[in-house]
Structure formats: structure tokens, C-alpha cells
Amino acid sequence: MSDKISKLLNWYYKQAYSFPWRDHYTPYTIWISEIMLQQSQVNVVVPYYLRWMKKFPSLNDLLKSNIDDLLFLWQGLGYYNRVKNIFKTAHIIQNKYNGSIPNDYKQLIALKGIGDYTASAILTIGFNIKSIPIDGNIKRVMSRLYELDLSKIKMEKLKQYVNNYISDIEPRHSVQALMDLGREVCIPKSPKCIICPLRALCLSYRNQTTTIYPIRAQVKTIPAYLVVVGLIYKKNKFLIAKRLQDKFLGGLWELPGGKIKNHESEITCLAREIKEELDIQINIKEKIGAIDHQYSHFKVHIILYKCIYKAGTPKPLAADKIEWITYKQINKFAFPRGTHKLFELL
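This text gives an overview of the structure that appears in the document. One numbering rule holds for all chains: residues counted from 1, following each sequence as written. For this predicted model, a pLDDT threshold of at least 70 governs which residues receive local features, and a threshold of 80 or more governs which side-chain atom pairs are given and counted, while totals over whole chains, interfaces and linings are taken from all residues. Side-chain measures were taken over the full set of non-hydrogen atoms in the model, leaving aside hydrogen atoms and water.

## Re the layout of surface pockets
Cavities and pockets were defined on a 1 Å grid built from protein atoms only: a cavity is a group of points that admits a 1.4 Å probe but offers it no way out, a pocket is an open group of points flanked by protein on both sides within 12 Å along at least five of seven lines, and a lining residue is one with an atom within 4 Å of any such point. Grid points are joined across faces, edges and corners, and a volume is the space filled by probe spheres set on the points. Quantified by volume, the largest pocket comes out at close to 710 Å³. Contributions of two or more residues to the lining of the largest pocket are made by strand 1 (224-234), strand 4 (257-259), helix 13 (266-278), strand 6 (299-311) and helix 14 (337-343). Think of it as three bins: nonpolar holds Ala, Val, Leu, Ile, Met, Phe, Trp, Tyr, Cys and Pro, charged holds Asp, Glu, Lys and Arg, and polar takes everything else, Gly as well. Of the residues that constitute the lining of the largest pocket, the class distribution is 20 nonpolar, 4 polar and 6 charged. Roughly 530 Å³ of internal volume is contained in the second largest pocket. Residue lining of the second largest pocket: 18 residues in total, with Leu37, Ser40, Val42, Asp135 and Asn137 positioned closest to the centre. Taken together, the residues that form the lining of the second largest pocket break down as 7 nonpolar, 6 polar and 5 charged. Note on conventions: DSSP H or I runs of at least 4 residues are helices, E runs of at least 2 residues are strands, and numbering of each starts at the N terminus.

So this is what it looks like as C-alpha cells:
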């Protein structure tokens, strides 16, 4: 084992950062945790992971569920295609591999929702088979260690750099050590170089270029939309709609409404959307409030109105199904985070 790997592992064992997916290593637990950790921070993921494992401690338990169960557990974590792919892949593993997650890279990467990083993470951390998963933390560490412009280096070349720090005997802990180093020490701003076990090897530390590397890509401006939705009451219940499965946020429930067109008022838009989506008439009473929410590729300003059902038979013209529910029933349905923000206005 090289001196650099020894330094890294000694630091890792001494720090002993504790996460629930490190309590007991299995391919299943690592698969679920890695999918959750995509696009989500560790402190956000931990409670979701614990709830998941309590309900679905094994692949066999997961196979007994349905997609609505999974969406309900996932609500608020975002990027819902991740959990839909978990559901699909679980059934593929059952049918094609007799319920055992394969320990072969080509077989793993062919599964729905599993790319190069996740396949390599399952192999390295789940099976302790040497592979090279590269997440954002590891990219940042390598960029500073070698003063690399990540936009100009191919993944295979980057893996060669990372390989210098991966033990043949303990690949699992080597990879997690690099991840921990990037998350806790080699952080994006003001890295804690003085406590870094690799600082003597780091070109950015030596050349005082830690503020330059990694070289940051220009942030793209994302579009913003104005949306209006209605809390449509009929006696003590209000109407919710389940989004079409093949649409963005498919399978989740929401309040009916839609995007405001150019030169269209909030009231006109809401009445039009309700007629188009549900084929009913409503009395729009008062504005309750508004929230801002951002997704990966756009942001929305959602305005909420209190409405009273007036006439017509509600039909799911733009949804999988619709339901009349009471406020106390909210926690029985899977809603996206934006809708939960609206409920917080009530």
C-alpha cells in the first residue's frame, strides 16, 4: 500500500464519520443510499434513508410494495425519476438475477437509473470490489491535488488520477475516505487545508490556487414561470389531482391549476385551467398567498386561491385521477415539496 493511501486511510479511520448506510454494508443498502444521495445532501438524505430501510429493509420487502408507496416515502426529496427507476430496477433484478444484485459492472450499468458512478459505487462500497466511482467531492479533491481543469479532462483519465488513492485491499474505505475528505475538508469555499492529510501532495495548496480550482463553469440562467392553483372546496373537502405518470412529477398529487399565459390575469387563468383540467365551474373567493420553489431546470412562483365548487362533475381530463380530501388526509398522499409549501400557508 502506497504512503499516500496509508495517509488517507489513517485519517479516515481516525475521523470515523458515521452514516446509517455504513453500519452494515450490502449491495442493496448502498444502491438505495447512492440513489438518494444523487442531487441531495447527506444531512437531508439520512432521515429518508432510515424511513426507507425501516419499511423496506431488503429487496424482497421492496418488491412487495407499489410505486405509490415509494413516492409517498420519497416526497420532498425531489428528482422523482430516481425512485421510479428503483421500482423498475428492483423487478428487473428479481426477474433476471433471481433477486440478487449483480456484482458485474456491465450488468449493473444496464439497469434502469444506474450509470457509471452508481454501478462503480455499488461494486466498490457494496461488494468491496475495486472500481472507481467519482462523485462531486472526489472531483474537487482531484482537481486541487493535480490542478486539473475538469472541463478539459476525460472521465477515464480522471479515474487514473483517482486510482492512485484506491487501495486494492480496502477499496471500499479508500473511496469513502476521498468522499469524506471532499465533503468535510476540501470543501468548495475556504477548504480546511491545514487539517488535510494530503496537503503535502496537493499542488493547489503548494501554489495557493485553492480558490481557482476546481475552475467553475458559468452558471446558466433557468426559466421562471408564474403558476396559479386553486384550493377548491366542496363543504369540508377540497380537490386534488394525481399527475400523469409520464409527465414531470408523474404519480404525485397536486392542487389543480397551471401556468399563467402572457397578458392573462390570475383569476382568468385559474378559471380557464380548472375548466380545461376538470370541466367544472368555480367561484374564486380570495388569494391565500404565494410561494417560490425551484427545480433543477426551472423555477416557479405559485399563487394559491381559495375557491368554492359551483357546478359540473369533476373529470380527470389532465390527470390520472382526482380525489376530494380533508385537510387531515394530506399526509396520506404523496405531494411534491412545492405543494407542501402551499399547505403551509393554510
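So much for the structure itself; the text now carries on.
## Concerning unusual backbone geometry
Looking along the chain, the bond that leaves Tyr213 and enters Pro214 is cis, with omega of -5°. Here Pro214 shows up in the loop between helix 12 (203-207) and strand 1. Even without a glycine there, the phi angle at Asn98 is positive, about 55°. The residue Asn98 is located in the loop between helix 6 (81-97) and helix 7 (105-109) in this model. At His263, a position not held by glycine, the phi torsion is positive, near 65°. Inspection of the secondary structure puts His263 in the loop between strand 4 and helix 13.

## Some details on helix 10 (residues 155-163)
Accessibility here uses a 1.4 Å probe with only protein chains present; expressed as a share of the type maximum, an area under 20% marks a residue as buried, one over 50% as exposed, and anything in between as partly exposed. Three or more residues of helix 10 are buried, namely Leu158, Lys159 and Val162. Buried residues of helix 10, viewed axially, fall in a sector of 105°; they line one side. This arc describes the spread of directions from the helix axis toward the C-beta atoms.

## Description of helix 2 (residues 27-37)
Within helix 2, 10 of the 11 residues are buried, leaving the element largely enclosed by the surrounding structure. Three or more residues of helix 2 are buried, namely Pro27, Tyr28, Thr29, Ile30, Trp31, Ile32, Ser33, Glu34, Ile35 and Met36. Here a residue-residue contact requires only that any non-hydrogen atoms of the pair lie within 4.5 Å. Those residues of helix 2 that are buried lie in contact with helix 3 (42-55), helix 4 (59-63), helix 5 (67-74), helix 6 and helix 8 (116-126). At the C-terminal side of helix 2, Gln39 shows a positive phi close to 70°.

## Quick word on the pattern of salt bridges
One side-chain nitrogen of Lys or Arg within 4 Å of one carboxyl oxygen of Asp or Glu is enough to make a salt bridge. In total, this model carries 16 salt bridges according to the counting rule given. Among the salt bridges present, the one from Arg243 reaches Glu254, with a minimum N-O distance of 3.1 Å. Taken together, the residues Arg243 in the loop between strand 2 (237-242) and strand 3 (253-254) and Glu254 in strand 3 connect sequence positions 11 residues apart. Residue Glu254 is classed as partly exposed on the basis of its relative accessible area of 22%. Put simply, Lys287 and Glu266 hold a salt bridge, and the shortest N to O gap is 3.3 Å. In this pair, Lys287 is assigned in strand 5 (residues 281-294) and Glu266 in helix 13, connecting sequence segments 21 residues apart. Linked by salt bridges that have partners in common, Arg22, Asp180, Arg183 and Glu184 make up one network.

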